[in-house]
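This is what each chain is made of:
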Amino acid sequence: MSHSTSDTDARRSAGTPQPAETPTPADAPTPAGPARRRPSAWRDDLVASVIVMLIAVPLSLGIAVASGAPLIAGLISAIVGGIVAGALGGSAVQVSGPAAGLTVIVAGLVQTYGWAATCTIVAAAGVLQLLLGLFRVARAALAVSPNVIHGMLAGVGVVIALSQLHIVLGGQPHSSALDNLLELPGQLVAGHLPSAVVGGLTVAVLISWPRLPRRLRTVPAPLVAVAAGTVLAVVLDSNIARVDLPDAPLDAFAFPRLPQGDWFGILGAVGSLALVAGVESLLCAVAVDRLHRGPRANLNRELAGQGAANVVAGLLGGLPVAGVIVRSSTNVAAGARTRASAILHGVWVLLVVGVAASAIELIPLAALAAVLVFIGLQMVNVRHLRSARRHGELLAYAATACGVIGWGLFQGVLIGMAFALALTVRRLAHVTVEVQPREEGGWLVSVGGSLTLLSVPALHRALSKLPDGGEVELRLNIDYMDHSGIVAVDDWRADRERSGGVVTINELHHQWYGDAMAGRTVPARKPVPQLAFAQSWSATTAATDPARPRDARIAARRLLEDGTREFHRRLAPQVRPLLATLARTGQRPVHLFLTCADSRLVPNLITASGPGDLFTVRNVGNLVPASTTEPDSTIAAIEYAVAKLPVRTITVCGHSGCGAMAALLRPGTADDLPHLRGWLRHGQPSVERMRATAAGSRDELDLLCQANVLQQLDHLRTLPAIDDRVRRGDLELVGGYFDIAAGRMHLLTEAPTGPGTPS
């Protein structure tokens, strides 16, 4: 079990131990506005914006070359993506601009309709994205299988690498990836040596840069690589093709015009461009959310912001805009905190175009193409490929990539989605049926998977092989059963019982078959699983009613019996393999969890752990005696865990509203309980610790509950065996605080002056 803590410097300066903040999930409904600015936010954003601009300029030029668009179009989109998408989008730190993943679509549109008409298609795709964002359908775009998206990016990466490799060698790319592959040997023979040398140096810098010391790597690798290639081209002073910007950038704007041709094809181009650019932006926003702790992205706003940027980019003669993971991750790594960084990066690109155009024209096209070859190969992500294989969707990944390479991006995505759908149908049709003889006679038939009309034939084949007569237990460990499955099971049961057999049906999850036989409505999908120890309302009422002591005893015993039966029926079959392994290998927990005896605390539940994970010690008030001359069960358990088990972390976990702490605040409460009164003396140092800094506070109880945790951590350090291991660094002490009403676990951090309250 692991915990992550947040930066607590500000809280420490305030003198209060605060629980560490928990990162917000990527899809939590957090406001999409900028993060709360600290005094250094503007400085951090300014530095990050300059670093991102240094990456954006060469990449934007290279993508324009790969797309067959005017070079100025890439810079226009970098400016628009930074300013418009940065201001209107739903992510605080995502950076947008021309994306390598869209080059295949744009190149095809330019060849078919021309550049000016392509600008119109880009603007129309932006309008479609804007509408989809306003109608709040961004989440629906993420329904596309991630493996189809990753396969699409891999295919696009191969297409980019094959086409740009020809430019590195001093030639011109062909119209298709297959043609580029077939013509590559001839291009290698007839390659332009100076261009190849410049491209080779650029790739060498990109490969070697991450291996250099961290201080040197503060300068972005693409910038260094392009700069190195440019210097080498100047030194060689040969006939190497270079960036050619127009003398008057404003005169170079290619204002859009209506495309000519098949309108069904044009509408398809608009839809495919809007879909691919939108999904890529949304996936990028979700990925970037995992890199920072600021506000989560508002995906609908992000899609609308991307649409607005594409409308502006299309009208100004720019490439389509999308969220770009390279620039966005660099923005986060550079310390960006708000959307000001993305906006400023667009402003800096605009200034570079207006002021330093002559310097940009020194850049050789071979260097830009080499950067894109490197990026294209990186888009074939081995980690994504392994993930697809691990989840059984390698076929969809490969089909998408091959389709993009062989036929085109839109066709490849359709092929991949078809394969993904086929795999989903296959899973619905897949059912496992295991038949085992029982020691007491009869047969045990275990069914796993989904029992639907597609999997009924497999179940029927297995059941038909059972010999007549005898008892059969049909154990349904399935996640869904439709009407066809219910009918098939019931027909088989009826036929077997008519022939003299005995059938017992046990459903380990929801009672689909039982509900159907009882005339209850069968849910369309699996409900949230219920805990095995869930209890009935009537039993709880009887157990807590002091006027009915006999009924309470009966109800309490019945709860235990019913809970045991429920465990044997539902949970035991699922955890039995793990328990068998633990019985064979013995316990090897790495975490000692010391907490209160309060019945509302369930350690394995609040830590999402299972059998064998925690060595749990519980007592009243989660107290650790500082010193004792008599044997003590708590100290004995800690001593055993530290000496005999591979424990690496000890957590002392308190909770809100602790009764032991309340008794410490009200002397005399436990006078009629002598053993409890004697035990609570170990908590008196916690009271003194709390009152030293927070006397008279209205939240004394909660403050004491937290101060008590920190005090028990100090008590642990009085044990020589623990103190030695902590000093050596092979044992960590952690303070925990569970807010029962909020159902939230916090980590407490030590502070010099006293306790605080959860954030």
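Refer to the structure presented above.
Rules and cut-offs
Residues numbered from 1 in each chain as written. Predicted model: local features only at pLDDT ≥ 70, side-chain atom pairs only at ≥ 80, totals over all residues. Heavy atoms only, no water. Phe/Tyr/Trp six-rings, centres within 6.5 Å; stacked < 30°, edge-to-face > 60°. Helix = DSSP H or I, 4+ residues; strand = E, 2+ residues; numbered from the N terminus. Buried < 20%, exposed > 50% of the residue type's maximum accessible area, 1.4 Å probe, protein only. Contact = heavy atoms within 4.5 Å. Core = buried A, V, L, I, M, F, W, Y, C linked by side-chain atoms within 4.5 Å. Salt bridge = Lys/Arg side-chain N within 4 Å of Asp/Glu carboxyl O. Pairing = 2+ DSSP bridges. Axes fitted to C-alpha atoms, helices over the stretch in contact; angles between N-to-C directions. Polar contact = N/O pair within 3.5 Å; in protein donor to acceptor, adjacent residues only side chain to side chain. Parallel < 35°, antiparallel > 145°, perpendicular 65-115°, else oblique. Left-handed = near helix turned anticlockwise from the far one by under 90°. Nonpolar A, V, L, I, M, F, W, Y, C, P; charged D, E, K, R; others polar. 1 Å grid on protein atoms, 1.4 Å probe; cavity = no way out; pocket = protein on both sides within 12 Å on 5 of 7 lines; lining within 4 Å. Points joined across faces, edges and corners; volume = space filled by probe spheres on them. Expected span 1.5 Å × (residues − 1). Arc of directions from axis to C-beta.

J.: Could you give me a rundown of the packing of aromatic side chains, with the residues and numbers involved?
T.: All told, the structure shown has one aromatic pair when counted by the stated rule. Seen in terms of ring centroids, F615 and Y640 are 6.0 Å apart; in terms of plane orientation they differ by 45°. Their pairing is tilted. In this pair, F615 is assigned in strand β8 (residues 614–619) and Y640 in helix α26 (residues 633–644), connecting sequence segments 25 residues apart. Judged by relative accessible area, which is 15%, F615 ranks as buried. You can call Y640 partly exposed: its relative accessible area is 38%.

J.: With reference to specific residues and values, describe the environment of E280.
T.: Examined against the element boundaries, E280 turns out to sit in helix α11 (residues 263–289). Between the C-alpha atoms of E280 and L102, which are 178 residues apart in sequence, the distance is 9.3 Å. Among all residues touching E280, those that are not within four sequence positions of it are A99, G101, L102 and G323.

J.: I'd like a description of the nonpolar core, backed by residues and values.
T.: If you look at the biggest cluster of nonpolar residues, it comprises 89 residues, and the most contacted ones within it are L61, W115, I121, V243, L319 and V349. Discounting residues that sit within four places of it in the chain, V243 has contacts with L61, L71, I360, E361, I363, L365 and L368. Core analysis: the next-biggest nonpolar cluster, separate from the first, contains 41 residues, I635, A641, M661 and Y737 among them.

J.: Please set out the pattern of salt bridges residue by residue, giving values where relevant.
T.: Pairing between side chains of opposite charge can happen when their charged atoms approach one another. In this structure the tally under the stated criterion is 13 salt bridges. The salt bridge involving R717 is made with D723; its shortest N-O contact spans 2.7 Å. By relative accessible area, R717 is classed as partly exposed at 32%. Two residues, R725 and D730, come together in a salt bridge whose shortest N-O distance is 3.6 Å. Judged by its relative accessible area of 9%, R725 falls in the buried class. Because the salt bridges share partners, they merge into one network encompassing R438, E471, E473 and R475.

J.: Please set out the environment of R139 residue by residue, giving values where relevant.
T.: As for its position among the elements, R139 is in helix α6 (residues 138–141). It is 7.7 Å that separates the C-alpha atoms of R139 and N300, two residues lying 161 residues apart in sequence.

J.: Please give an account of the sheet that holds strand β10 (residues 732–739) that cites residues and values.
T.: Read across the open sheet, the five strands follow the order β8-β7-β9-β10-β11; overall the sheet is mixed. Looking at which strands have only one partner, the edges of the open sheet turn out to be β8 and β11 (744–748). On average, adjacent strands in this sheet sit at an angle of 25° to one another, irrespective of strand direction. Bridge count between strand β7 (residues 591–596) and strand β9 (residues 649–655): five bridges; the pairing is parallel. Note on β9: the bridge partner recorded for L592 is I650. Along the sheet, α26 contacts β7, β8 and β9; its crossing angle with β8, the most-contacted strand, is approximately 165°. Lying on the sheet, helix α30 (residues 700–717) is in contact with β9, β10 and β11; it crosses β10 at an angle near 160°.

J.: Residues and numbers for the sheet that holds strand β3 (residues 431–437), please.
T.: In space, the four strands of this open sheet follow the order β3-β4-β5-β6, with mixed pairing throughout. In this open sheet, the two strands that pair with only one neighbour each are β3 and β6 (502–507). Each strand of the sheet is rotated relative to its neighbour by a mean of 15°, with strand direction disregarded. Sheet analysis places strand β5 (residues 471–481) next to β6, joined by six bridges and oriented parallel. Each bridged residue has a counterpart across the sheet, and for V472 the counterpart in β6 is V503.

J.: Just give me the short version of the side chain of Q129, but keep the residues and values in it.
T.: Tracing the sequence through the fold places Q129 in helix α5 (residues 115–134). Accessibility expressed as a relative area gives 1% for Q129, which makes it buried. For Q129, the side chain forms a polar contact with the side chain of N310, separated by 2.8 Å. If we ignore the near neighbours within four places in the chain, the residues touching Q129 are A274, A277, G278, L303, A304, Q306, G307 and N310.

J.: Give me unusual backbone geometry: which residues, what numbers.
T.: A positive phi angle, close to 50°, is found at A608, a residue other than glycine. Tracing the chain through its elements places A608 in the loop between α25 (603–606) and β8. We classify A608 as exposed; its relative accessible area is 74%. Notably, N622 is not glycine yet its phi reads approximately 45°, a positive angle. The topology assignment puts N622 in the loop between β8 and α26.

J.: Requested: an account of the packing of helix α2 (residues 41–67) against helix α3 (residues 71–88), with residues and values cited.
T.: Contact geometry for α2 and α3: axes closest at 7 Å, N-to-C directions at 135°. Here α2 lies oblique to α3, going by the angle between them. The two elements α2 and α3 cross, and the hand of that crossing is right-handed. Residues V57, S60, L61, A64 and V65 of α2 lie in contact with α3, whose contacting residues are L71, G74, L75 and A78. Of the residues that constitute the contact of α2 with α3, the class distribution is seven nonpolar, two polar and no charged.

J.: Outline the side chain of S77, supporting the account with residue identities and numerical values.
T.: Its location among the elements puts S77 in helix α3. You can call S77 buried: its relative accessible area is 0%. Once residues lying within four places of it in the same chain are set aside, the contact partners of S77 are G97, P98, A313, G318, L319, P320 and V321.

J.: Give me the lowdown on empty space enclosed by the protein, citing residues and values where you can.
T.: Counting across every chain of the model gives three cavities of 30 Å³ or more. As for the largest cavity, its lining consists of V144, I149, M152, L275, V276, V279, V413 and M417. Here the element with the most residues in the lining of the largest cavity is α11; it accounts for three residues. The residue makeup of the lining of the largest cavity, split by class, is eight nonpolar, no polar and no charged. Of the pockets and cavities examined, the second largest cavity occupies roughly 40 Å³. Lining of the second largest cavity is provided by I63, S67, P98, A99, L102, T103, V106, L319 and P320. Counting only elements with at least two residues in the lining of the second largest cavity, the list comes to α2 and α4 (103–113).

J.: Quick one: what's the story with helix α21 (residues 483–498), residue by residue and with numbers?
T.: With 16 residues, α21 should cover 22 Å at 1.5 Å per step; its first-to-last C-alpha distance of 22 Å lies within 8% of that length. All of the buried residues along α21 are G485, I486, V489, D490, W492 and R496. Along the axis of α21, the buried residues cluster in a sector spanning 160°; they form a single face. α21 presents H483 and R498 as exposed residues on the side facing more than 90 degrees away from its buried surface. Structurally, α21 contributes buried residues whose contacts are with β4 (443–451), α20 (456–464), β5, β6 and α22 (512–517).

J.: Describe in detail the pairing of β9, supporting the description with residues and values.
T.: For β9, the buried fraction is high: seven of the seven residues fall into the buried class. Going residue by residue along β9, you find T649, T651, C653 and H655 tucked away on one face and I650, V652 and G654 tucked away on the opposite face as well. Bridge count between β9 and β10: seven bridges; the pairing is parallel. Among the inter-strand pairings, I650 is bridged to a residue of β10, identified as L733.

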